Amino acid sequence: MLDTTEEFRRKQIEIILAKTPRERGQMAMDMIESMRSLVKNSIMVQYPHYTEKEVIAELFRRYYKNDFSPEKIEEITKGMMA
């Protein structure tokens, strides 16, 4: 994204690097969890009739659709819902 000035980007990096490794790790984990929640909520809106297992299987499909063959995705998600 190019909507941030170079000066502001440098300030952001400075603030992040001033944090301890543990704090930076926690920031990363919080961002991952936030994105997971957003994707999960979008699935629940799109498919309100899905069970919790079906939501988790769809979450897996969205995250890993480019990492596994369609057949392998189907095999894994069937196992998740069993």
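The structure displayed is predicted, hence computed values, not measured ones.

A. Summary view of a nonpolar patch on the surface. Where nonpolar side chains cluster on the molecular surface, the patch consists of Met35, Leu38, Tyr63, Tyr64 and Phe68 and spans about 480 Å² of accessible area. Of all elements in the fold, only helix H2 (21–46) and helix H3 (52–64) reach the threshold of two or more residues within the nonpolar patch. Residue position: Leu38 is located in helix H2.

B. Geometry of the packing of aromatic side chains. Summed over the entire model, instances satisfying the criterion amount to 5 aromatic pairs. Where Tyr64 meets Phe68, the ring centres are 6.1 Å apart and the plane angle is 65°; that geometry is what we call edge-to-face. A residue is classified by how much of its surface remains accessible, and Tyr64, at 34% relative accessible area, is partly exposed. Using a relative accessible area of 32% as the deciding quantity, one classes Phe68 as partly exposed.

C. The pattern of salt bridges, seen in detail. Overall, the coordinates contain 7 salt bridges when judged by the stated rule. Glu14 is paired through a salt bridge with Lys11; the nearest N and O atoms lie 3.3 Å apart. Taken together, the residues span about one helical turn, with Glu14 and Lys11 both in helix H1 (residues 6–17) at a distance of 3 residues. Overlapping salt bridges, with partners in common, bring together Glu6, Arg9 and Arg10 in one network.

D. Layout of H2. The terminal C-alpha atoms of H2, which comprises 26 residues, lie 38 Å apart, in line with the 38 Å expected from a rise of 1.5 Å per residue. Val39, Lys40 and Ile43 are the residues of H2 that are buried. Residues of H2 that are buried make contact with H3.

E. Up close: the side chain of Glu58. Relative to the helices and strands, Glu58 is located in helix H3. Once you skip the residues sitting within four places of it in the chain, Glu58 turns out to touch Ile43 and Tyr50.

Calculation rules
Residues numbered from 1 in each chain as written. Predicted model: local features only at pLDDT ≥ 70, side-chain atom pairs only at ≥ 80, totals over all residues. Heavy atoms only, no water. Patch = residues over 30% accessible without salt bridge, like charges linked within 9 Å, V, L, I, M, F, W, Y side chains within 5 Å. Areas by Shrake-Rupley, 256 points an atom, 1.4 Å probe, with all protein chains shown as cover. Salt bridge = Lys/Arg side-chain N within 4 Å of Asp/Glu carboxyl O. Helix = DSSP H or I, 4+ residues; strand = E, 2+ residues; numbered from the N terminus. Phe/Tyr/Trp six-rings, centres within 6.5 Å; stacked < 30°, edge-to-face > 60°. Buried < 20%, exposed > 50% of the residue type's maximum accessible area, 1.4 Å probe, protein only. Expected span 1.5 Å × (residues − 1). Contact = heavy atoms within 4.5 Å.

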